[in-house]
Amino acid sequence: MEHRTGLEMFCTIDEKNRKLRYGYTTGSCAAAAAKAAVQMLLSGEIVEETALLTPKGILLHLLIEDIRKTEEEVICAVRKDGGDDPDVTHGILVYARVKKIPGNQVHIDGGVGVGRVTKPGLSQPPGEAAINTVPRRMIEENVREVCEKFGYHGGIDVRIEIPEGVKLAAKTFNPRLGIEGGISVLGTTGIVVPMSEAALVESIRLEMNMLVQNGAQYLVITPGNYGQVFSEEQMNLDLTYSMKCSNYVGETLDMAREMGICGILFIAHIGKFIKVAGGIMNTHSRNADSRAELMAASALRAGAGLPVLRQILDSITTEQCVDLLLQEGILQPTMEQILGKIEYYLGKRAGDQMQVGAVVFSSVHGELGRTGNADSLCRLINKNREE
């Protein structure tokens, strides 16, 4: 008979009208493994499945794997299922190692494969295991529930281990966040909703908050890898306080304003930031494109004739548009139009309390231009290096 976790009826619909199934977090795995391990420790009996009520209110029924049991200690694992979310932790085993200790506390720590926090600004203080607040609470509540059931009033030591976490950490944000030695035990609801934009935005917030806690006043922000490489190789900038924002330009500005950031310099490929010139603050292609149309509008303002405008509108990439403008000798005035609009829309979203500028580049032709306040932002950013 097929095992049923309790998530069979839950799904979300993506932009292509496909059903994507829910999964459960590493935090749920850790809490379920700890619950089963403590039950085996106190009862002496093998537990092959345990029920876990998640903060989202969904009751999970999770299988217990790799059980190892002595009189003093029990180790067992729950296998992570991320549903249809593209998650590097999908399929890994999350272990709980439990034993009795003096006192009446539930002591929670991380072992092999669970990262250790080294910088302030995260859910846990430096020195602690990267087991976030909600998973810690889930572990403690479930352990205490079992202790009460069996009339045990002593202390319990819970060590969460994720052997594959050491290798997987390089594929996560953890190295940039100052979390060393493994991955984090995460989850605010206990449930993974596939393709969750909220989770992506929250990861940006987390990294930005860490930078602020470590003294950042001015940030260098790139949408992705292209901008990061250009920043490192072509810009003479102190990149101590740099990060990526993916497609979430607007949300990034909102968060920076909330956190009291003084200024942001965006360094972005023309293919991304031409959209910002049209006031588009989420640059993902499923939300908006209009790259050729915006290039053509700017070229028109710069004096382009009808033949080149038609070629721009028929182009496939912004790099092709740049080539056309260069051939016509109007790349510079067109970029002035584009950068003026970028500066306007960034400033409108950022408000009066924060300086915002941008440097825009082409993969072929290098830097295409910068907004009027970009140079002053560069100087302010490099002050940290000079001090």
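Residues numbered from 1 in each chain as written. Predicted model: local features only at pLDDT ≥ 70, side-chain atom pairs only at ≥ 80, totals over all residues. Heavy atoms only, no water.

### Thoughts on the environment of threonine 317
Thought 1: Note on placement: threonine 317 falls in the loop between α10 (306-314) and α11 (318-328).
Thought 2: Considered as a pair, threonine 317 and alanine 36 are 281 residues apart in the sequence and their alpha carbons are 55 Å apart. (Helix = DSSP H or I, 4+ residues; strand = E, 2+ residues; numbered from the N terminus.)

### Quick notes on the packing of helix α5 (residues 197-213) against helix α7 (residues 249-258)
Thought 1: Packing of α5 against α7 brings their axes to within 10 Å, and their N-to-C directions diverge by 35°. Note on packing geometry: the crossing formed by α5 with α7 is right-handed. Residue-level contacts link Val201, Ile204, Arg205 and Met208 of α5 to Glu251, Thr252, Met255, Ala256 and Glu258 of α7.
Thought 2: Among the residues forming the contact of α5 with α7, the class breakdown is 5 nonpolar, 1 polar and 3 charged. (Axes fitted to C-alpha atoms, helices over the stretch in contact; angles between N-to-C directions. Left-handed = near helix turned anticlockwise from the far one by under 90°. Contact = heavy atoms within 4.5 Å. Nonpolar A, V, L, I, M, F, W, Y, C, P; charged D, E, K, R; others polar.)

### Let's talk about the pairing of strand β20 (residues 366-370)
Along any regular strand, the residues point their side chains to alternate faces of the sheet.
Thought 1: The pairing of strand β19 (residues 355-362) with β20 spans 4 bridges and is antiparallel. What sits directly across from valine 360, in β20, is glycine 369.
Thought 2: Between the antiparallel neighbours β19 and β20 lie 3 residues. (Pairing = 2+ DSSP bridges.)

### Focus on the pattern of salt bridges
Thought 1: Applying the stated rule across the entire model yields 16 salt bridges.
Thought 2: Between arginine 349 and aspartate 254 there is a salt bridge whose closest N-O contact spans 2.9 Å. Placement of arginine 349 in helix α12 (residues 331-350) and of aspartate 254 in helix α7 is noted, with a sequence separation of 95 residues between them.
Thought 3: Since its relative accessible area comes to 19%, aspartate 254 is described here as buried. (Salt bridge = Lys/Arg side-chain N within 4 Å of Asp/Glu carboxyl O. Buried < 20%, exposed > 50% of the residue type's maximum accessible area, 1.4 Å probe, protein only.)

### Thoughts on the sheet that holds strand β17 (residues 242-244)
Thought 1: Taken together, the 5 strands give an open sheet; going across it, the order is β17-β16-β18-β19-β20, and neighbouring strands pair in mixed fashion. This sheet does not close on itself; its edge strands, each paired only once, are β17 and β20. Within the sheet, the average angular offset between the axes of one strand and its neighbour, ignoring direction, is 25°.
Thought 2: Against the sheet, α7 touches β16 (218-222), β18 (263-269) and β19, its axis set at about 165° to β18.

### Some details on the packing of aromatic side chains
Thought 1: All chains considered together, the criterion is met by 4 aromatic pairs.
Thought 2: When the ring of phenylalanine 10 is compared with that of tyrosine 22, the centres are 5.9 Å apart and the planes differ by 25°; the resulting orientation is stacked. Residue phenylalanine 10 is found in the segment before β1 (11-13), and its partner tyrosine 22 is found in the loop between β2 (19-21) and β3 (23-24); the two are separated by 12 residues along the sequence.
Thought 3: On the basis of an interplanar angle of 5° and a centroid distance of 4.2 Å, the ring pair of phenylalanine 230 and phenylalanine 361 is categorised as stacked. Highlighted residues: phenylalanine 230 in helix α6 (residues 225-234) and phenylalanine 361 in strand β19, separated in sequence by 131 residues. (Phe/Tyr/Trp six-rings, centres within 6.5 Å; stacked < 30°, edge-to-face > 60°.)

### Digging into unusual backbone geometry
Thought 1: Phi is positive for aspartate 66, which is not a glycine, with a value near 45°.
Thought 2: One can find aspartate 66 in strand β6 (residues 65-69).
Thought 3: Within the chain, serine 246 stands out as a residue other than glycine whose phi angle is a positive 55°.
Thought 4: Within the secondary structure layout, serine 246 lies in the loop between β17 and α7.
Thought 5: Residue class for serine 246 comes out partly exposed when judged on its relative accessible area of 31%.

### Points about helix α2 (residues 133-149)
Thought 1: In a regular helix each residue adds 1.5 Å, so 17 residues correspond to 24 Å; α2 covers 24 Å between its end C-alpha atoms and thus fits that length.
Thought 2: Inspection of α2 places Val134, Pro135, Arg136, Met138, Ile139, Asn142, Val143, Val146 and Cys147 among the buried residues, and these make up the whole buried set.
Thought 3: One or two residues past the end of α2 sits glycine 151, with phi positive at roughly 70°. (Expected span 1.5 Å × (residues − 1).)

### Considerations on the side chain of lysine 80
Thought 1: Here lysine 80 is to be found in the loop between β7 (73-79) and β8 (93-101).
Thought 2: At 2.6 Å, the side chain of lysine 80 forms a polar contact with the side chain of threonine 89.
Thought 3: When residues no more than four places from it in sequence are discounted, the contact partners of lysine 80 are Tyr24, Thr25, Thr26, Cys29, Asp87, Thr89, His90, Gly91, Ile92 and Val192. (Polar contact = N/O pair within 3.5 Å; in protein donor to acceptor, adjacent residues only side chain to side chain.)

### Considering the state of the cysteines
Thought 1: For the coordinates displayed, the defined rule picks out 0 disulfides.
Thought 2: A disulfide-free cysteine, cysteine 147 has its sulfur positioned 14 Å from the sulfur of cysteine 76, the nearest such atom. (Disulfide = S-S within 2.5 Å.)

### Concerning the pairing of β8
Thought 1: Across 7 bridges, the pairing between β7 and β8 is antiparallel. Residue pairing across strands places isoleucine 75 opposite arginine 97, the latter belonging to β8.

### Some points on the sheet that holds strand β12 (residues 155-161)
Thought 1: Strand order in this open sheet of 5 strands is β6-β7-β8-β12-β9, and the pairing throughout is mixed. Here the strands that pair on one side only, and so sit at the sheet edges, are β6 and β9 (106-110). Taken pair by pair, the neighbouring strands of this sheet meet at an average axis angle of 15°, ignoring direction.
Thought 2: The sheet strands contacting helix α1 (residues 26-43) are β6, β7, β8 and β12, and the helix crosses β8 at an angle near 40°.

### Describing the nonpolar core
Thought 1: Ranked by size, the top nonpolar core spans 58 residues in total, and within it Leu219, Leu253, Phe266, Phe273, Ile342 and Leu346 carry the most contacts.
Thought 2: Counting residues per element, this core draws most heavily on α12, which supplies 7 residues.
Thought 3: Sequence-distant contacts of leucine 219, that is, excluding residues within four places in its chain, are made with Met208, Leu211, Tyr241, Met243, Ile261, Gly263, Ile264, Leu265 and Ile381.
Thought 4: Counting 49 residues, the second-largest nonpolar core is a separate cluster that includes Ala129, Ile139, Cys147 and Tyr152. (Core = buried A, V, L, I, M, F, W, Y, C linked by side-chain atoms within 4.5 Å.)

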